Every structure is written in structure tokens, then in C-alpha cells.
Amino acid sequence: MAPFRRLALIGIGLIGSSLARVARRAGLADEIVCSSRREETREKALALGIVDHAFASAADAARGADLVLFCTPVGTYADLSAEIAPVLEPGAILSDVGSVKQAVVRDIGPNVPDGVHFIPGHPIAGTEHSGPESGFAELFQGRWCILTPPPGADADAIARLRAFWEAAGSEVVEMDPAHHDKVLAITSHLPHLIAYTIVGTATDLEESLRSEVIKYSAGGFRDFTRIAASDPVMWRDIFLDNREAVLEMLGRFSEDLAYLQRAIRWGEGDKLHELFTRTRAIRRGIIEARQA
Ligand code: NAP
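Residues numbered from 1 in each chain as written. Predicted model: local features only at pLDDT ≥ 70, side-chain atom pairs only at ≥ 80, totals over all residues. Heavy atoms only, no water.

S.K.: Quick question: what am I supposed to make of the overall build of the protein chain here?
M.R.: On a plain count of helices and strands, the protein chain comes out with 12 helices and nine strands. Taking 19 Å as the expected radius of gyration for a compact globule of 292 residues, we find that the protein chain reaches 21 Å, a close match to that expectation. For the protein chain, the exposed surface amounts to about 15200 Å²; the carbon and sulfur share of it is 56%. (Helix = DSSP H or I, 4+ residues; strand = E, 2+ residues; numbered from the N terminus. Rg over C-alpha atoms; globule rule 2.2 N^0.38 Å. Areas by Shrake-Rupley, 256 points an atom, 1.4 Å probe, with all protein chains shown as cover.)

S.K.: Can you walk me through the domain arrangement of the protein chain in this structure?
M.R.: Accessible area lost upon the coming together of the parts serves often as the stated size of an interface. Domain boundaries in the protein chain define domain 1 (4–175) and domain 2 (179–288). Domain 1 and domain 2 are separated by 30 Å when their C-alpha centres are compared. Across the salt bridge formed by Asp241 and Arg106, the nearest N and O atoms sit 3.1 Å from each other. Applying the counting criterion to the domain 1 and domain 2 interface returns seven residue pairs in polar contact (both at pLDDT 80 or more). The element contributing the most residues to the side of domain 1 that touches domain 2 is helix 5 (residues 102–108), with three residues. Here the residues of the side of domain 1 that touches domain 2 sort into seven nonpolar, seven polar and three charged. (Domains from an automatic or database assignment. Salt bridge = Lys/Arg side-chain N within 4 Å of Asp/Glu carboxyl O. Polar contact = N/O pair within 3.5 Å; in protein donor to acceptor, adjacent residues only side chain to side chain. Nonpolar A, V, L, I, M, F, W, Y, C, P; charged D, E, K, R; others polar.)

S.K.: Before we go on, may I ask you to explain the packing of aromatic side chains in this structure?
M.R.: Any aromatic ring pair is given by two values, namely how distant the centres are and how the planes are angled relative to each other. A full pass over the atoms with the stated rule returns five aromatic pairs. A centroid spacing of 6.0 Å and a plane angle of 75° characterise the contact between Phe4 and Phe164, whose relative ring orientation is edge-to-face. Taken together, the residues Phe4 in strand 1 (residues 4–10) and Phe164 in helix 6 (residues 155–167) connect sequence positions 160 residues apart. Across the pair, exposure class does not vary: Phe4 and Phe164 are buried alike. (Phe/Tyr/Trp six-rings, centres within 6.5 Å; stacked < 30°, edge-to-face > 60°. Buried < 20%, exposed > 50% of the residue type's maximum accessible area, 1.4 Å probe, protein only.)

S.K.: Where do I start with the site of the ligand in this structure?
M.R.: As a structural note, the neighbourhood of the ligand is formed by 26 residues, with Ser36, Arg38, Thr41, Thr72 and Ser99 the closest of them. At 2.7 Å, a side-chain N or O of Ser36 approaches an oxygen atom of the ligand. With respect to the ligand, the side chain of Thr41 contributes an N or O atom lying 2.6 Å from an oxygen atom. When the free accessible area of the ligand is taken as 910 Å², the share hidden by the protein chains comes to 86%. Counting residues per element, the ones that place at least two in the shell around the ligand are helix 1 (14–25) and strand 7 (121–123). Broken down by class, the residue content of the shell around the ligand amounts to 11 nonpolar, 13 polar and two charged. (Near = heavy atom within 4 Å.)

S.K.: Please clarify how the sheet that holds strand 9 (residues 171–174) should be interpreted in this entry.
M.R.: Pairing between sheet strands relies on hydrogen bonds along the backbone, with the strands arranged either parallel or antiparallel. Strand order in this open sheet of three strands is 7-8-9, and the pairing throughout is mixed. Every other strand in the sheet has two partners, leaving strand 7 and strand 9 as the edge strands with one partner each. In this sheet, neighbouring strand axes are inclined to one another by 20° on average, regardless of whether the strands run parallel or antiparallel. Note: strand 7 against strand 8 (residues 144–147), three bridges, orientation antiparallel. Counterpart to Gly121 in the pairing with strand 8 is Leu147. Each of strand 7, strand 8 and strand 9 touches helix 6; the most contacted strand, strand 9, lies at about 145° to it. (Pairing = 2+ DSSP bridges. Axes fitted to C-alpha atoms, helices over the stretch in contact; angles between N-to-C directions. Contact = heavy atoms within 4.5 Å.)

S.K.: How should I be thinking about the pattern of salt bridges in this particular structure?
M.R.: Between side chains of opposite charge, pairing is possible as soon as their charged atoms come close. Summed over all chains, the structure comprises 20 salt bridges. One salt bridge in this structure joins Asp60 and Arg63, with 2.8 Å as the shortest N-O distance. One salt bridge connects Glu268 with Lys271, and the closest N-O pair in it is separated by 3.2 Å. Taking relative accessible area as the criterion, Glu268 reaches 22% and is therefore assigned partly exposed. Since its relative accessible area comes to 28%, Lys271 is described here as partly exposed. Residues joined by salt bridges that share partners form a network here, namely Arg38, Glu40, Lys44 and Glu133.

Right, dumping it as C-alpha cells:
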């Protein structure tokens, strides 16, 4: 893949800094710049040596860039895209890494100038950590990256963005934004909601029980606490921006939970056993797909 001339990362947290690292290591751009609102974050990114310049203003980062990637919480995209629109060059690719896609199309789409190729994206990779120090170049290795190009999007621009993600180690797939949001509602958003709920319930327990929860957390609770430690702003935005798909999946989940509740109440072990056998097979499938 021919390197991009200037890669502008708008936001340099876990995802932005991982992209900076892999772009530098694999020579995906001649120049890598970022913007971040806090000086502390900009200084960290420069000290880590992962960017050539760090700007306070998104427009200063995007100026002259041929690939601009939004790596901030999705709730910031509308304002940030309006801010950078006047400096975007014709032919530039504008993309993002946001965890929802319909809202991104809604928020960025109207601000995209003529001649700029807008191709939303979402790497299915991450951790519960935040900030430039938490990124690593291998984050995208062997993980999917979903692109949701709008109808009629420029084929060359899609191919260039695809090549960028492939060089970062990802397998790239194209999807319709509404389908993306449904799939992610069940595979990512609902699990996070459940984790936040369980940890929240444990937090509300009376003091005597709460200390036992920490002590014996290896029994399963610990795994939920890892997910529930994810960034609060990012996840607030995801739930607000994928409201319909999450509520639909939550409705189904609540019905299935009621079914289990009833089976436990009535001592229907066969129903529990049948479900737990089916779910075990899903885990095996994930391991076989090397996504464990
Ligand atoms: P992060 O580590 O918390 O970094 C967020 C970055 O956005 C920082 O540079 C932060 O700047 C900046 N930012 C935050 N609020 C802002 C605002 N109001 N205006 C301007 N800049 C702001 O976040 P992340 O985990 O990399 O997530 C970034 C994006 O990736 C999100 O859209 C998320 O949906 C998506 N994503 C995340 C994961 C994951 O597992 N984490 C996976 C896939 C996709 P300061 O530090 O200067 O405040």
C-alpha cells in the first residue's frame, strides 16, 4: 500500500494511539499528527514518540491530511466534523473508529464537503483502558474492522482505507450501518450493559456482602468488573446513539431472563441444561474463529 501523506488522528486515546503506533511501525503514513483537547494528552503522545505533531485544534491536525480518522467518543463527532470541514482537501478520506455507525453517518454526513470521501469504520478491537499510554501496535492484529461506506462511495478510496486496516493487521468487511448497529448491540453493547448492571448491583449491596464480593470475585464477578471498567463517556455515548438496537436486544434478553427465572423457580433442570449446552458450543465457535 502506498503510504498516506499525512494521517490525522482526531483523538489519541487507546484506539488513536494504537493506530499511530501501527501506522508508524508499518510505514502507513509519511507524517502522523493528532489533536487532543487536553495538553496532558498531547504531551504524552509526543513523549511516546508516536506522532510528529500534536495540536489542540482538530482543524490544525486535519489541515493538509489525506486520511483523517475520528478517534474520540462518538458524541463529539458532529461538532468536530463541522470544525474540520473548511480545511478538508478534495480527495481526502474521512473516517472514524466509532462503535456505532448510523449515528456517525447522521452526525458527520451533513458536514462532509464535496470531493471528500467519507467512509465510516469500526475496528472490533479494544480493551477497558484509555489514553495514549494504553495503546499498542498489535491491538488490531487478527481482529475484524467493519467499514460502512455510503452508497456510491468512491471505490478507490474504499480500497485505500481497506488496505490501511489490512496493513494494521485487521480483516476488513463491509456492512450496512443499520446492520452493524444491530450486530454490535448484541455482541458488545448489551454485554457491557449487563456488566455495568451486575457491578452496580454489587456496589449497592450492604457493606458486609460487598467486601465478600471483592474477596471472592474470581468466581465470575471479576470478568464483569473488567468490562464495567470501560470508559464512562464512551459508553454513555454508545447507548444514547444506538438506543433502538440496544432496546430491542434488551427486550429479547429480558424475555430470556424471565424464562430462566421461571425454570429455576419450578426446578426445570432440563431447560437450564439444554440452554447451557447450547451456549457452551458458542464459546467453542469463538475459539475456533480465533476471536477468543
Ligand atoms: P480514549 O482512550 O478515552 O481516548 C479518547 C480521546 O478522545 C482522547 O484523545 C480525548 O482527549 C479525546 N476526547 C474525549 N472527549 C473529547 C471531547 N469532548 N472533545 C474532543 N476530544 C475529546 O478513547 P478510546 O477507547 O480510544 O475510544 C475512542 C473511540 O473509539 C470511541 O468513539 C469508541 O467508540 C471507539 N472504539 C473504542 C473501543 C475500545 O474498546 N475502547 C473499541 C472500538 C472502538 P483528551 O485526553 O485530551 O481529553
